[in-house]
Amino acid sequence: MLRLEQVSKRYADGTVAVHELTLDVGRGEIACLVGPSGCGKTTTMKMINRLVEPSSGRILLDGDDVTQVNPQALRRRIGYVIQQVGLFPHQTVAANVATVPSLLGWDRARRTARTNELLDLVGLDPHVHARRYPHELSGGQRQRVGVARALAADPPVLLMDEPFGAVDPIARDKLQVEFLRLQQQVRKTVVFVTHDVDEAVRLGDRIAVLREGGYLEQYDVPATILGAPASPFVADFVGNDRAVKRLAVTPLRTATLAPLDGWPDAAVPGRPVPTVAETGSLADALAALLAGGTGWVVVCAADSSPKGLLTPDVLYAAAVNRGTVDSR
């Protein structure tokens, strides 16, 4: 869907912001770009929609070289959400959301229908919020409006530059949850810039770790980034607690379970048998294991039938990828 082929950005003073970056982002995937300041995250994003022109290389959107198309037409195919939102302060929420449809010449009825649909989609009641102005909204609500505006013309690609960085931690957590819910419905191809490794792990289908000068150190799924860092730089950047973070992004289905013949008896009279759904993560299993106090936890299928027994040894083996984990 989106491919960067040896893309570089060099400035006249010799500064290299991005160095021969090659990335593929599949249709409907979220690719998170992380790295320290000066690693070219935002520059990379701006080259995709040509707010910054690449010095060399190619950027392909659905097979089209973006440098060969009209920049204004290109940007109407790409939604863009930034940290400070950038809503027009003297326009209503509805007018802000309808910005691109208005530029495209949509009639009023179509703009109104689309605006109401998107406000509903991002969790804002159009009857309550459509006529409000940005200063009348909370920071989290303004970010939701920014996402709705970016989606207004149904672009195939969404660029998000630190979109939740300016809100408090509680609002940020809620926005991340809402964003994942929204992505399940709209399935956009997303390039998401963040400085927060935890956010990248939570949201990304893939993570690109960049270092200063725009060099790509590693590009892979979160579990591999955390479990098998490609370099000391990546290991240091994702942190010493990467093993704990990895538990949250490693599916429980990857663990090899001990077989069970029916339900085991409760280890402690009066306490329920500890269970965890097979659709959960290793972190969910660990939480159930610690809370159960039994030394084991029963993994249950969707119909609540027992599938097998998970013990600390099995959990550890899956967590460190010692032959019991399907690493795909």
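Refer to the structure presented above.
Reading the values: rules and limits
Residues numbered from 1 in each chain as written. Predicted model: local features only at pLDDT ≥ 70, side-chain atom pairs only at ≥ 80, totals over all residues. Heavy atoms only, no water. Pairing = 2+ DSSP bridges. Helix = DSSP H or I, 4+ residues; strand = E, 2+ residues; numbered from the N terminus. Contact = heavy atoms within 4.5 Å. Axes fitted to C-alpha atoms, helices over the stretch in contact; angles between N-to-C directions. 1 Å grid on protein atoms, 1.4 Å probe; cavity = no way out; pocket = protein on both sides within 12 Å on 5 of 7 lines; lining within 4 Å. Points joined across faces, edges and corners; volume = space filled by probe spheres on them. Nonpolar A, V, L, I, M, F, W, Y, C, P; charged D, E, K, R; others polar. Disulfide = S-S within 2.5 Å.

Asks: Account for the sheet that holds strand β4 (residues 56-61), naming residues and giving values.
Replies: Strand order in the open sheet formed by four strands is β2-β1-β4-β5, and the pairing between neighbours is antiparallel. Looking along the sheet, the strands with just one partner apiece sit at the ends: β2 (16-25) and β5 (64-65). Bridge count between strand β1 (residues 2-10) and β4: five bridges; the pairing is antiparallel. Across the sheet, residue L4 finds its bridge partner in β4, namely I59. The strands touched by helix α1 (residues 41-48) are β1, β2 and β4; relative to β1, the strand with the most contacts, the crossing angle is about 120 degrees.

Asks: Tell me about empty space enclosed by the protein, and please be specific about residues and values.
Replies: Summed over the entire model, instances satisfying the criterion amount to four cavities of 30 Å³ or more. Reported here for the largest cavity is a volume of approximately 100 Å³. What lines the largest cavity is simply V122, Q143, R144, V147, F164, L175, E178, F179, R181 and L182. Contributing elements (two or more residues each) for the lining of the largest cavity: α7 (139-151) and α8 (169-186). Ranked by residues supplied to the lining of the largest cavity, first place goes to α8 with five residues. Residues belonging to the lining of the largest cavity are distributed by class as follows: six nonpolar, one polar and three charged.

Asks: Account for the state of the cysteines, naming residues and giving values.
Replies: Taken as a whole, this structure holds zero disulfides when the rule is applied. No disulfide involves C32; its nearest neighbouring cysteine sulfur is the one of C39, lying 13 Å away.

Asks: Can you explain the sheet that holds strand β9 (residues 206-211)? Please cite residues and give values.
Replies: Picture the strands of a sheet paired through backbone hydrogen bonds; they go either parallel or antiparallel. If you trace the six strands from one edge of the open sheet to the other, you get β6-β7-β8-β3-β9-β10, paired in mixed fashion. On the outer flanks of this sheet lie β6 (78-82) and β10 (215-220), each paired with one strand and no other. Ignoring which end each strand starts from, the neighbouring axes of this sheet average 15 degrees apart. Judged from the four bridges that link them, strand β3 (residues 30-34) and β9 form a sheet pairing that is parallel. Each bridged residue has a counterpart across the sheet, and for V34 the counterpart in β9 is V209. Those strands touched by α1 are β3, β6, β7 (157-161), β8 (189-193) and β9, and its axis lies near 150 degrees from that of β8. Across the sheet, α8 lies against β3, β7 and β8, angled at about 160 degrees from β8, the strand it touches most.

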